[in-house]
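Chain residues, written in single-letter form:
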Amino acid sequence: MTQSAVTRRFGIGLVGLALVATACTSGDAETQSNSDTAVDAEPAELSITPEDGVEEIAPNTPIRVNAENGTITDVQVDQIVVSEAAVEGEVADDAALYEMTGTLNEDGSEWVSDWNLRPGAEIAVTATATNEAGEETELTTEFTTHEAVPGQRLELASNFPTSGETVGVGMPIVINFDLPVTNKAQVENSMNVVAEEETVGAWNWVSDQMAVFRPEEYWEPYQNVTVDLNLAGVESSEGVFGVRNHQIDFEIGRELIATMHVPDHEMVIEVDGEHERTIEVSNGAANRRFDTTTSGVHVLMERYETITMDSSTVGIPEDSPGSYRVDVQYAVRTSNSGEFVHEMSSNGAIGSANTSNGCTNLRMDDAVWFYQNTLMGDILDTTGTDREFEWNNGWGYWQKSWDEWLEGSAAGEAQKTTDGTPGPVHGQDL
């Protein structure tokens with residue numbers, strides 16, 4: 001199978017009678033009885049929109065199946081991508097990412113697709129309904145979606161965490177797009193977070209190209225989390241459509257919380273609520289704002305076995321007062337403004353005074369331990385300085401209260417990780 005002709009199977013399995021194979025033509029309904037002594041009942045009648053034979057519909061058009069004189073028992077959606085441009089970079093063996101689910105109303109008379117359709121695809125919808133006598137009616141319709149125009153295709157640029165990683169309980173889910181998003185609610189509702197432990201969380205738009213999911217409270221440890229990015233067919237801005245779906249699977253590890261009251265010159269680390277280690281430290285000298293360690297809830301970010309600390313990267317040019325350039329080992333980033341926890345054994349004030357340029361200095365044995373035993377997403381909660389950690393400085397998202405965080409959601413609602421997204425993904429009035 002080539003990338004220019006990829007078949008996608010979408011479907012729902014509804015509780016009901018077994019399907020009977022029928023030979024029906026596109027747009028025609030066929031009824032077959034499951035009983036030799038059928039009750040006198042009207043046959044079920046099915047209708048599907050978009051209608052059979054329609055061409056070049058918008059990919060964010062919902063599929064609707066309606067039944068009269070019966071209940072819907074199955075809907076299958078097949079999709080064949082016919083444009084090479086529509087599947088550029090697509091992996092041929094990821095059909096599971098495109099399994100279509102739908103929502104059935106209480107009386108079983110209407111089914112609506114949950115997600116959008118692939119751009120540039122041939123779509124076949126097969127629906128089955130059963131009447132009171134157990135007779136089945138099946139209907140198939142076929143139509144096509146229009147392609148996503150080159151230069152107007154929303155793609156995933158990067159994400160944190162990535163699949164397979166084990167992270168700490170403070171880990172945000174960071175999604176970066178390659179193009180600005182204006183229809184934020186539809187895109188937000190296309191990103192479904194599923195966790196083993198029921199968790200309340202919400203997306204927040206840090207910028208037009210970055211959406212971040214954060215729970216109301218820290219994640220429960222020792223659980224798996226899946227992020228389904230159902231971006232295919234979503235209209236992210238006028239005329240711009242997503243072309244691929246993605247799935248991110250990661251694990252929440254043990255709960256590690258480090259606390260540090262800067263005047264005390266020590267960091268206390270607890271793992272799963274039990275004291276693990278106390279580390280002597282030296283923080284920022286606080287002679288000016290730049291070398292004052294920030295107070296707030298930090299999330300551990302990237303780490304380096306060796307790194308060059310260069311003040312010119314944070315706005316202090318070489319040869320300026322306070323400039324520096326020094327190589328350090330075992331460095332873990334805590335902000336985008338240059339704060340790290342790192343080894344600096346040459347600092348004789350560790351454990352007794354704060355003399356650094358704003359970073360947290362450790363002796364070698366403690367720095368190695370911290371580097372080796374912490375995870376991206378672990379928490380460092382710092383207090384005792386007059387410089388507040390900014391919420392958008394790195395991953396300072398826990399600096400916002402829950403109500404403040406919700407204000408950044410385009411959907412305007414929290415999302416339970418066991419209930420799905422809170423709103424529609426389709427285009428308005430479609």
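Structure first, text after, so check above.
Before going into details, it helps to say that this report is about the structure given with it. (Residues numbered from 1 in each chain as written. Predicted model: local features only at pLDDT ≥ 70, side-chain atom pairs only at ≥ 80, totals over all residues. Heavy atoms only, no water.)

## Comments concerning the overall build of the chain
Keep this limit in mind: We count a stretch as a helix when DSSP gives it H or I for four or more residues in a row; a strand needs E for two or more, and each element gets its number in order from the N terminus. Summary of the burial criterion: residues with accessible area below 20% of their type's maximum are buried, those above 50% are exposed, and those between are partly exposed, where the area comes from a 1.4 Å probe applied to protein chains only. Contacts: residue pairs with any heavy atoms within 4.5 Å of one another. The protein chains shown are the only cover counted for residues, whose accessible areas, like all others here, come from Shrake-Rupley with a 1.4 Å probe.
A tally of helices and strands in the chain yields three helices and 30 strands. Counting the 430 residues in the chain, one finds 48% classified as buried. Pairs at least 24 apart in sequence give 71% of the contacts found in the chain among residues at least 6 apart. Summing over all exposed atoms, the chain offers an accessible surface of approximately 18800 Å²; the carbon and sulfur share of this is 45%.

## Things to note about the sheet that holds strand S14 (residues 191-195)
Stated precisely, the cut-off is as follows: Strand pairing is assigned whenever DSSP identifies at least 2 bridges connecting the two strands.
If you trace the four strands from one edge of the open sheet to the other, you get S12-S20-S17-S14, paired in mixed fashion. The open sheet has two edge strands, strand S12 (166-167) and S14, and neither has a second partner. The pairing of S14 with strand S17 (residues 223-229) spans five bridges and is classified as antiparallel. Bridge pairing in S17 links Ala 195 to Val 225.

## Regarding the side chain of Arg 214
Note the cut-off: Throughout this description, a polar contact denotes any pair of N or O atoms lying within 3.5 Å of each other; where both atoms belong to protein, one of them has to be capable of donating a hydrogen while the other can accept it, and for residues adjacent in sequence the pair is counted only when both atoms sit in side chains.
Mapping Arg 214 onto the fold places it in strand S16 (residues 210-215). In terms of polar contacts, Arg 214 uses its side chain to reach the backbone carbonyl oxygen of Glu 216, at 3.4 Å. Only 3.1 Å separates the side chain of Arg 214 from the backbone oxygen of Tyr 397, close enough to count as a polar contact. What Arg 214 contacts, discounting residues up to four positions off in sequence, is Gly 201, Ala 202, Tyr 397, Trp 398, Lys 400, Ser 401, Trp 402 and Trp 405.

## What about the packing of aromatic side chains?
How we decide: Pairing of aromatic rings covers Phe, Tyr and the six-membered ring of Trp, with a centre-to-centre limit of 6.5 Å; geometry is then stacked below 30 degrees between planes, edge-to-face above 60, and tilted otherwise. In this scheme, the term charge over a ring applies when either NZ of a lysine or CZ of an arginine sits within 6 Å of the ring centre and within 35 degrees of the ring normal.
Scanning the model with the defined rule gives nine aromatic pairs in all. Ring geometry for Trp 203 versus Phe 213: centroids 5.4 Å apart, planes at 65°, classification edge-to-face. Placement of the pair is Trp 203 in strand S15 (residues 200-207) and Phe 213 in strand S16, with a sequence separation of 10 residues. Here the aromatic cluster, defined as three or more aromatic residues joined through ring pairs, consists of Trp 203, Phe 213 and Trp 219. The cationic tip of Lys 184 hangs over the ring face of Trp 205; the distance from NZ or CZ to the ring centre is 5.6 Å. Over the ring of Trp 391 we find Lys 400, and its NZ or CZ is 3.9 Å from the ring centre.

## Section: the sheet that holds strand S22 (residues 266-271)
Here is the rule: Axis geometry follows a simple rule: fit a line to the C-alpha atoms, using only the stretch in contact for helices, then measure angles between N-to-C directions, giving values from 0 to 180 degrees.
Read from one edge of the open sheet, five strands run S23-S22-S21-S29-S24, paired in mixed fashion. The outermost strands of the open sheet, each flanked by one partner alone, are strand S23 (274-280) and strand S24 (296-299). Taken pair by pair, the neighbouring strands of this sheet meet at an average axis angle of 20°, ignoring direction. Relative to the sheet, helix H2 (residues 364-373) contacts strand S21 (256-261), S22 and S23, its axis offset from that of S23 by approximately 140°.

## Concerning the environment of Gln 399
Along the polypeptide, Gln 399 turns up in the loop between strand S29 (379-383) and helix H3 (402-407). Note on Gln 399: relative accessible area 22%, which makes it partly exposed. It is 8.4 Å that separates the C-alpha atoms of Gln 399 and His 298, two residues lying 101 residues apart in sequence. Contact partners of Gln 399, with chain neighbours within four places excluded, come to Ser 295, Gly 296, Val 297, Glu 388, Phe 389, Trp 391 and Glu 404. Within polar-contact distance, the side chain of Gln 399 engages the side chain of Glu 388 at 3.0 Å.

## Observations regarding a negative patch on the surface
To keep things clear, this is the line we draw: Grouping into patches uses exposed residues only, defined as over 30% relative accessible area, and leaves out salt-bridged ones; the cut-off is 9 Å for like charges and 5 Å for nonpolar side chains (Val, Leu, Ile, Met, Phe, Trp, Tyr). Every case where a carboxyl oxygen of Asp or Glu lies within 4 Å of a side-chain nitrogen of Lys or Arg is listed as a salt bridge. For the purpose of charge, His is not counted, nor are the chain termini; Lys and Arg are scored as positive and Asp and Glu as negative. To locate a charge, take atom NZ for lysine, CZ for arginine, CG for aspartate or CD for glutamate.
Judged by side-chain charge, Glu 216, Glu 217, Asp 403, Glu 404 and Glu 407 come together as a negatively charged surface patch. Along the chain, Glu 404 falls in helix H3.

## Topic: the nonpolar core
What counts here: For our purposes a nonpolar core is just a set of buried Ala, Val, Leu, Ile, Met, Phe, Trp, Tyr and Cys residues, chained together by side-chain atoms within 4.5 Å.
Membership of the largest hydrophobic core comes to 41 residues, with the highest contact counts inside it found for Ile 173, Ile 175, Phe 177, Met 191 and Trp 219. Mapped onto this core, the elements with two or more residues apiece are strand S13 (173-177), S14, S15, S16, S17, strand S20 (246-252), S24 and H3. The dominant element in this core, judged by the number of residues it contributes, is S13, at four residues. With near-sequence residues (within four places) excluded, Phe 177 lies in contact with Leu 154, Glu 155, Ala 157, Val 187, Met 191, Trp 205, Gln 209 and Leu 231.

## What about the pattern of salt bridges?
Applying the stated rule across the entire model yields eight salt bridges. Between Lys 184 and Asp 208 there is a salt bridge, with the nearest N and O atoms lying 2.7 Å from each other. Separated by 24 residues along the polypeptide, Lys 184 in helix H1 (residues 184-189) and Asp 208 in the loop between S15 and S16 bring together distant segments of the chain. Judged by relative accessible area, Lys 184 falls into the buried class, the value being 19%. Between Arg 277 and Asp 366 there is a salt bridge; the shortest N-O distance is 3.0 Å. You can see Arg 277 sitting in strand S23 and its partner Asp 366 sitting in helix H2, a full 89 residues away along the chain.

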